[in-house]
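In case you want the letters, here they are:
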Amino acid sequence: MAQVTGLDRALARFVAEAVRVRHGHELPDSLVPAGTAPCRLAHLDTRGFPAARVRRVDEVHHARGREPAVTTSSSAAARFARGLLDADSWTDWDGPPRGNPTAGPYADALARARERSGGADESVLTGEGRVDGHRIALVVGEFDFLAGSIGVAAADRLLRAVRRATAERLPLLACPATGGTRMQEGTPAFVGMVPIVSALAAHKAAGLPYLVHLRHPCTGGVLASWGSVGQITTAEPGALVGFLGPRVYEALYGREFPEGVQRAENLERLGVVDAVLTPDALRARLRDTLRILAPSAPGAPAADARPPQPTASAPSGPHFAASDAGSDAVAADPGPRAEPGPRAEPGPAVAPGPGGGPQTEPEGHAVGSPLNGSVTSPPGGVEDVWRSVTLTRSEQRPGLREVSATADVVVRLSGTQGGERDEALTVALARFGEVACVLVGHDRAGARAQGEDVGPGGLRAAQRGMRLAAELGLPLVTVIDTAGAQLSREAEEGALAGEIARCLQELTTLPVPTLSLLLGQGTGGAALALLPADRVVAAEHAWLAPLPPEGASVILHRATERAAELAVAQRIAAPELLRDGTVDLVVPEPDTATAFVRRIGDALRAELAALPPHVDADRARLAQRRGRRGAAFARLDGEG
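**Q** Would you explain the pattern of salt bridges in this entry?
**A** Oppositely charged side chains can pair when the atoms bearing their charge come close. Evaluated as defined, the whole model comprises 30 salt bridges. The partner of Arg464 in a salt bridge is Asp274, and the shortest N-O contact between them spans 2.8 Å. On the criterion of sequence distance, the pair formed by Arg464 in helix H14 (residues 456-472) and Asp274 in the loop between helix H9 (264-269) and strand E11 (275-276) is long-range, its members being 190 residues apart. Across the pair, Asp274 and Arg464 agree in class, each one buried. Between Arg571 and Glu576 there is a salt bridge whose closest N-O contact spans 2.9 Å. You can call Arg571 partly exposed: its relative accessible area is 33%. Using a relative accessible area of 12% as the deciding quantity, one classes Glu576 as buried.

**Q** Even after reading the chapter, I still don't get the environment of Ala545, so can you show me in this structure?
**A** Within the secondary structure, Ala545 sits in the loop between strand E17 (535-539) and helix H18 (549-557). Considered as a pair, Ala545 and Ile572 are 27 residues apart in the sequence and their alpha carbons are 5.5 Å apart. Once residues lying within four places of it in the same chain are set aside, the contact partners of Ala545 are Gly522, Thr523, Gly524 and Ile572.

**Q** Could you clarify how one ought to interpret the packing of aromatic side chains in this entry?
**A** Each pair of aromatic rings is reported with the distance of its centres and the angle of its planes. This model, assessed by the stated rule, comprises two aromatic pairs. Ring geometry for Tyr249 against Tyr253: centres 4.8 Å apart, planes inclined by 40 degrees, an arrangement best described as tilted. Pair noted here: Tyr249 and Tyr253 are both in helix H8 (residues 246-253), with a separation of four residues, about one helical turn. What makes Tyr249 buried here is its relative accessible area of 13%. On the numbers, 4.9 Å between centres and 85 degrees between planes, the contact of Tyr249 with Phe257 is edge-to-face. Since its relative accessible area comes to 26%, Phe257 is described here as partly exposed. Put simply, the rings of Tyr249, Tyr253 and Phe257 pair up and form one aromatic cluster. The lysine or arginine in question, Arg215, covers the ring of Phe80, its NZ or CZ lying 4.6 Å from the ring centre.

**Q** Where do I start with a nonpolar patch on the surface in this structure?
**A** On the surface, a cluster of nonpolar side chains totalling about 300 Å² of accessible area is made up of Phe190, Val191 and Val194. As for its position among the elements, Val194 is in helix H6 (residues 193-205). Residue Val194 is classed as exposed on the basis of its relative accessible area, which comes to 56%.

**Q** Can you help me understand the pairing of strand E12 (residues 409-412) in this one?
**A** Consecutive residues of a regular strand have side chains that alternate between opposite faces of the sheet. What you see with E12 is a clean split: Val409 and Val411 sit on the buried side and Val410 and Arg412 on the side with no burial. Pairing of E12 with strand E13 (residues 425-432), which is carried by four bridges, proceeds in the antiparallel orientation. Looking across to E13, one finds that Val409 is bridged to Arg431.

**Q** Please clarify how the sheet that holds strand E4 (residues 124-131) should be interpreted in this entry.
**A** The seven strands are arranged E3-E4-E5-E6-E7-E9-E11 in an open sheet whose pairing can be described as mixed. On the outer flanks of this sheet lie strand E3 (91-92) and E11, each paired with one strand and no other. Two elements, strand E7 (residues 210-214) and strand E9 (residues 232-235), share four bridges in a ladder whose sense is parallel. Following the sheet pairing, Leu211 is matched in E9 by Ile232.

**Q** Whenever I open this one, the nonpolar core confuses me. Can you help?
**A** Taken as a class, soluble globular proteins show a tendency for nonpolar side chains to be buried jointly. Judged by nonpolar contacts, the single largest core of 94 residues is most densely connected at Leu138 and Leu429. Beyond its immediate sequence surroundings of up to four residues, Leu138 is in contact with Ala81, Leu84, Leu85, Trp90, Leu125, Thr126, Gly127, Leu172 and Leu173.

**Q** What am I meant to see in H6 here?
**A** Residues separated by three or four positions in an α-helix point in the same direction, a consequence of the helix having 3.6 residues per turn. Along its 13 residues, H6 runs 18 Å from first to last C-alpha, staying within 8% of the 18 Å computed at 1.5 Å per residue. Of the residues making up H6, those classed as buried are Met193, Ile196, Ala199, Leu200, His203 and Lys204. Looking down the long axis of H6, one finds its buried residues gathered within 140 degrees of arc, a one-sided arrangement. Looking at H6, the residues exposed on the side facing more than 90 degrees away from the buried face are Val194 and Ala205. Of the surrounding elements, those touching the buried residues of H6 are helix H4 (152-167), strand E6 (172-175), helix H5 (187-191), E7, helix H7 (220-223) and H14. The positive-phi residue at the C-terminal boundary of H6 is Gly207, with phi of around 80 degrees.

The rules behind these values
Position numbers for residues count from 1 along each chain, tracking the sequence in the order it is written. Totals for whole chains, interfaces and linings use every residue, but because this is a predicted model, local features are given only for residues with pLDDT of at least 70 and side-chain atom pairs only at 80 or more, for both listing and counting. With hydrogens and water excluded, all non-hydrogen atoms of the structure serve as input to the side-chain values. Salt-bridge detection follows one rule: a side-chain nitrogen of Lys or Arg within 4 Å of a carboxyl oxygen of Asp or Glu. Under the scheme used here, helices are H or I runs from DSSP no shorter than 4 residues and strands are E runs no shorter than 2 residues, and both carry numbers assigned from the N terminus. Only protein chains enter the accessibility calculation, which uses a 1.4 Å probe; a residue is then buried when its area is under 20% of its type maximum, exposed when over 50%, and partly exposed in between. Whether two residues touch is decided by their heavy atoms; if any such pair falls within 4.5 Å, the residues are in contact. Any Phe, Tyr or Trp ring, taking Trp's six-membered ring, that has another such ring centre within 6.5 Å forms a pair; planes under 30 degrees apart are called stacked, those over 60 apart edge-to-face, and the others tilted. Whether a charge lies above a ring is judged from NZ of Lys or CZ of Arg, which has to be within 6 Å of the ring centre and within 35 degrees of the ring normal. Residues enter patches when they are more than 30% accessible in relative terms and free of salt bridges; like-charged ones are connected within 9 Å and nonpolar ones (Val, Leu, Ile, Met, Phe, Trp, Tyr) within 5 Å. Method for areas: the Shrake-Rupley scheme with a 1.4 Å probe, in which residue coverage is limited to the protein chains shown. Strands pair, by our definition, only if DSSP identifies at least two bridges between them. Only buried residues count toward a nonpolar core, which is a set of Ala, Val, Leu, Ile, Met, Phe, Trp, Tyr and Cys residues joined through side-chain atoms within 4.5 Å. Expected helix span is given by 1.5 Å per residue-to-residue step, counting one fewer step than there are residues. Summarising the geometry, the arc corresponds to the directions from the helix axis toward the C-beta atoms.

Right under this line is the structure:
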């Protein structure tokens, strides 16, 4: 008869508890002896456990084999995990904790923690499940187990879960609820955060998502390590989230910590977390995020892969207003819709642009396909160019919010994750048809709402989006539609010029395919910061200038009255940008806002579908190629 010798009373109780919690079986009292008598495990044979294989306590969980069991724990963490996932999809990854003591005061504290927490055997549980059919790995904190503190055994469990998620190429969601690292274990527990963050870095380097949902409370060394490196971070309503818990702060400094600073809602306002979500809202956001980032789940409907469809309300002419107001332009009859496919090769009479495509469009080519040069008329005079400037400044003109709504699914992020949030700059995950992407763009409606244009924080948020695209291996889409950057003391002290430069540098070497959409106004450095890309598409009335035309007129003529004249002289209009090679495609604008949004959405889908899946891995060559766009002096040597 198999025996486990040397077990004291506490350890024997642990064996019984492990069997009960993990497998739903009660051991008879006779198998839980007093004192240090051996624990006889013959009874396990009748419960499906091959007792001959059990020689150590940490083998009990795996005695049935290597397949993990569905947890039966009633702990808060287990209930949270099951409530977040599809019904009956949660599968436990955990064996008994490794490294916890079996005797002494600390072992007694662990035993009491198991009782208080409803059967949790440590402060975290790990496993996997499905959300709307998509597999996802989970790490969930159990605050009722020693305040959710992370010791060596919990850190070991976390590390194994991260590595397994990486090996199985699963997205990983962490939901900590913790006071930090475990004070009973001191520095070893504290230092144990390092390998976890290292493993998460490897997980993200493998192109896999790491998501974090901060539960109440989340403080200390956990927040300062694996709780703060998620690519997307959310929090539960009212959650206390802070580096130093308020009770410790008061004890150390003799005064209370300011009320409300460490609340989830305040951190969302500051761009530290992306959203504050109830469990139901979290599940909905996870569903949308996984639709964008994960392959199609078994039985789930495939993403809409249909090519853009023509509409009768979207005429194809060179001079159409973008809004419903007051256009007297005449609509031209659109040509037949081209199927998405390889870009056309330039014919003998067509000059190639820097993106490798022709600068004029073949006769009868449809609007919104990847072919270049939809607008074929010559650039207009002063009245035409100034009309474009006026149209793009209209509050009725659709912007980023309306265009992004044409995506199949969008998940918006908030701020830099570093304490800055700028409503004039949007970062989001999106899926257009079969292509997922990261979307970074100016939001004119957001700028109006906050009363100022994009500032240094917004540009740092843009760089967050660029890094996210690189980490996830997704194409980056930038949308330019700005009256210019903030002009203020705060902007200067926040390194506005430096952030513009860093955006440019990041974009020229970003190791994923890039697409830029010049949607409307393109004023100054804030516009330039989002311009470099493998492909650049412009709406017909969009424009790009170093300053507002009025500003240029003041510099050159000491008055604003010659702004319209300067707009022509400076070659700011989309047809001139096409001719100069700054853009690859100009999309004609229909005469209604609805048709305009639909057409721009179609163009984005087609252009994204035509982007190559990969770019040159040599960043020096990539920077050289992207840096030649639109710069005539860079092509004087004949290389462009």
